[in-house]
Amino acid sequence: MTKSHSLESDKKTIYRPKSATLVLGIGILFLLISICLSIILGVADINLSTVLQGIFHFDSTSTAHQIIYRLRLPRALAATFIGASLAVSGAIMQGMTRNALASPSIMGVTSGAMFTVSIAFAFIPVVSNTVIMLFAFVGAGLGAALVFLIGALSKRGLTPMKLALAGTAISALLGSISTGIALRFDVAKDISFWYAGGVAGVQWINVQLLIPVAIIGLILAFFISKSITILSLGEDVASGLGQKVGFVKLLGTIVVLLLTGAAVAVGGTIGFVGLVVPHIVRFIVGSDYRLIIPCSAVVGALLLVLSDVVARLVHPPFETPLGAITAIIGVPFFLYLARREGRGL
């Protein structure tokens, strides 16, 4: 093979716009179908024509229309934006840290958000959705800061496995403290929904808070996608190419906190979406984050909407926690990655 052919092959491996177009096209199509299934399927099955009537010609006297508009439509929209937010957060974290194990649930971001949400319920008499979201943002930053601080203090610096171990330890610590706060102040029932993870109780007010924050975070993620690609090559390479490494990391961190904080505030602890989806997408479209980020958003949304459909159909009329469904998918994948990355310990 000639040198030019080798370079051409490498370029195809890194940047596959045709594959990305295919992923986006098929992904959006299946996402729309899965949203329709999410609205149709449940304890009360509703046909598609009724769904369309309920959306475009709402009749407040119709029980089916009430179910569609007040329960299932906000639930489907929440699952869509939470899935997209978590997947893009994971992609940005993996790109910035060059860590295959990075994701909001593993790096302490999700558990940090849950920790501060439990504090809000314990010490604030009347907790609004806006307050919950603000506390989730602060907690997400706290969790990530603790993980990187502990990882940085280790001998021989940070490695992917050390960051994963630090994230696991911090997640366990903050989770235990959150449980203790919930029991001590008798708010366990109030925050049990966030512990289990899911979108069953989502209302329009939650969706109205989630969507603007998620859209802002996703737009910022698309904006810095090229910079994340350069940063993923290494800080020395990025600096040599004129990249403002500190500024890109700051923007990336803000995006992760926005997306993860909003997702946790509405959906609770839904793990492994941010770990699994970016790896699947990267395998298909290559390592350019201009393709990875939009494709991760679509695939993450699709994964979570379908997982929510499965969660309500596994044991009807009871619902399986959405976090349990994503964990079934994510835990084996995490063990595979941890075994592969263990050489860097």
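What you see is a predicted model; the values in this text were computed from it and never measured.

As for the overall build of the protein chain
Consideration 1: Looking only at helices and strands, the protein chain has 15 helices and zero strands in total.
Consideration 2: Considering only C-alpha atoms, the protein chain reaches an extent of 70 × 50 × 35 Å along its principal axes.
Consideration 3: Of the contacts made within the protein chain by residues no fewer than 6 positions apart, 75% connect residues no fewer than 24 positions apart.
Consideration 4: When the accessible surface of the protein chain is summed, it comes to about 16,300 Å², and 70% of that surface belongs to carbon and sulfur atoms.
Consideration 5: Here the protein chain carries 23 positive and 12 negative side-chain charges, and the mean point of each set is 9 Å from the other.

Digging into the UniProt feature "transmembrane region" (unreviewed entry) in the protein chain
Consideration 1: On the UniProt side, "transmembrane region" (unreviewed entry) is annotated at positions that read residues 21–44, 76–93, 105–124, 130–151, 163–185, 254–277, 289–314 and 320–338 here.
Consideration 2: End C-alpha atoms of residues 76–93 are separated by 26 Å, and the span's content is 100% helix alongside 0% strand.
Consideration 3: The span residues 163–185 shows a helical share of 96% and a strand share of 0%, and its end C-alpha atoms are spaced 32 Å apart.

Quick word on the packing of helix α2 (residues 17–40) against helix α4 (residues 63–97)
Consideration 1: Across the interface, α2 lies against α4 with an axial gap of 9 Å and an inter-helix angle of 145°. Judged by the sense of rotation from one axis to the other, the crossing of α2 with α4 is right-handed. Across the interface between the two elements, L31, I35, S38, I39 and I40 from α2 touch I68, R72, L73, A76 and T80 from α4.
Consideration 2: Among the residues making up the contact of α2 with α4, the classes are represented as seven nonpolar, two polar and one charged.

Quick word on the confidence of the model for the protein chain
Consideration 1: Considering every residue of the protein chain, the mean pLDDT works out to 84; 91% of them sit at 70 or more.
Consideration 2: Low pLDDT, under 50, characterises residues 1–13; the predicted model gives this stretch three contacts beyond four residues in sequence or across chains.

Examining the side chain of H65
Consideration 1: Summarising the element assignment, H65 is placed in helix α4.
Consideration 2: The buried category is assigned to H65, whose relative accessible area is 6%.

Things to note about the nonpolar core
Side chains of a nonpolar character, in soluble globular proteins, are inclined to be buried together.
Consideration 1: Ranked by internal contacts, the top residues of the largest apolar core, which has 89 residues, are A78, I82, V88, I92, L210 and V285.
Consideration 2: Here the element with the most residues in this core is α4; it accounts for 16 residues.
Consideration 3: Excluding anything up to four places from it in sequence, I82 contacts V199, L210, A263, V266, G267, I270 and L304.
Consideration 4: In terms of nonpolar packing, the next biggest core, distinct from the first, is built from seven residues, L101, I106, A164 and F334 among them.

Comments concerning the layout of surface pockets
Consideration 1: In this model, the second largest pocket occupies a volume close to 370 Å³.
Consideration 2: As for the second largest pocket, its lining consists of 20 residues, of which S105, I106, T110, S111 and S171 are closest to the centre.
Consideration 3: For the lining of the second largest pocket, the secondary structure elements donating two or more residues are α5 (109–123), α7 (160–184) and α15 (322–341).
Consideration 4: Tallied by class, residues from the lining of the second largest pocket come to eight nonpolar, 12 polar and no charged.

Concerning unusual backbone geometry
Consideration 1: For D186, which is not glycine, the phi dihedral falls at a positive 55°.
Consideration 2: With respect to the helices, strands and loops of the structure, D186 is situated in the loop between α7 and α8 (188–196).
Consideration 3: One non-glycine residue, F272, lies in the positive phi region at around 75°.
Consideration 4: Secondary-structure assignment places F272 in the loop between α12 (245–267) and α13 (273–285).

Structural notes on the packing of aromatic side chains
Consideration 1: Within this structure, the stated rule accounts for two aromatic pairs.
Consideration 2: Taking 5.4 Å as the distance between ring centres and 40° as the angle between the ring planes, the aromatic pair formed by Y69 and W204 counts as tilted. Residue Y69 is found in helix α4, and its partner W204 is found in helix α9 (residues 204–223); the two are separated by 135 residues along the sequence.
Consideration 3: Note on W204: relative accessible area 22%, which makes it partly exposed.
Consideration 4: When the ring centre of F185 is taken as origin, the NZ or CZ atom of R184, which lies over that ring, is 5.2 Å away.

Each value, and the rule that gives it
- Residues numbered from 1 in each chain as written.
- Predicted model: local features only at pLDDT ≥ 70, side-chain atom pairs only at ≥ 80, totals over all residues.
- Heavy atoms only, no water.
- Helix = DSSP H or I, 4+ residues; strand = E, 2+ residues; numbered from the N terminus.
- Contact = heavy atoms within 4.5 Å.
- Areas by Shrake-Rupley, 256 points an atom, 1.4 Å probe, with all protein chains shown as cover.
- Lys, Arg positive; Asp, Glu negative; His and termini not counted.
- Charge placed at Lys NZ, Arg CZ, Asp CG, Glu CD.
- UniProt positions renumbered as here; feature names shortened; annotations may be inferred.
- Axes fitted to C-alpha atoms, helices over the stretch in contact; angles between N-to-C directions.
- Left-handed = near helix turned anticlockwise from the far one by under 90°.
- Nonpolar A, V, L, I, M, F, W, Y, C, P; charged D, E, K, R; others polar.
- pLDDT = per-residue confidence, 0-100.
- Buried < 20%, exposed > 50% of the residue type's maximum accessible area, 1.4 Å probe, protein only.
- Core = buried A, V, L, I, M, F, W, Y, C linked by side-chain atoms within 4.5 Å.
- 1 Å grid on protein atoms, 1.4 Å probe; cavity = no way out; pocket = protein on both sides within 12 Å on 5 of 7 lines; lining within 4 Å.
- Points joined across faces, edges and corners; volume = space filled by probe spheres on them.
- Phe/Tyr/Trp six-rings, centres within 6.5 Å; stacked < 30°, edge-to-face > 60°.
- Lys NZ or Arg CZ within 6 Å of the ring centre and 35° of its normal.

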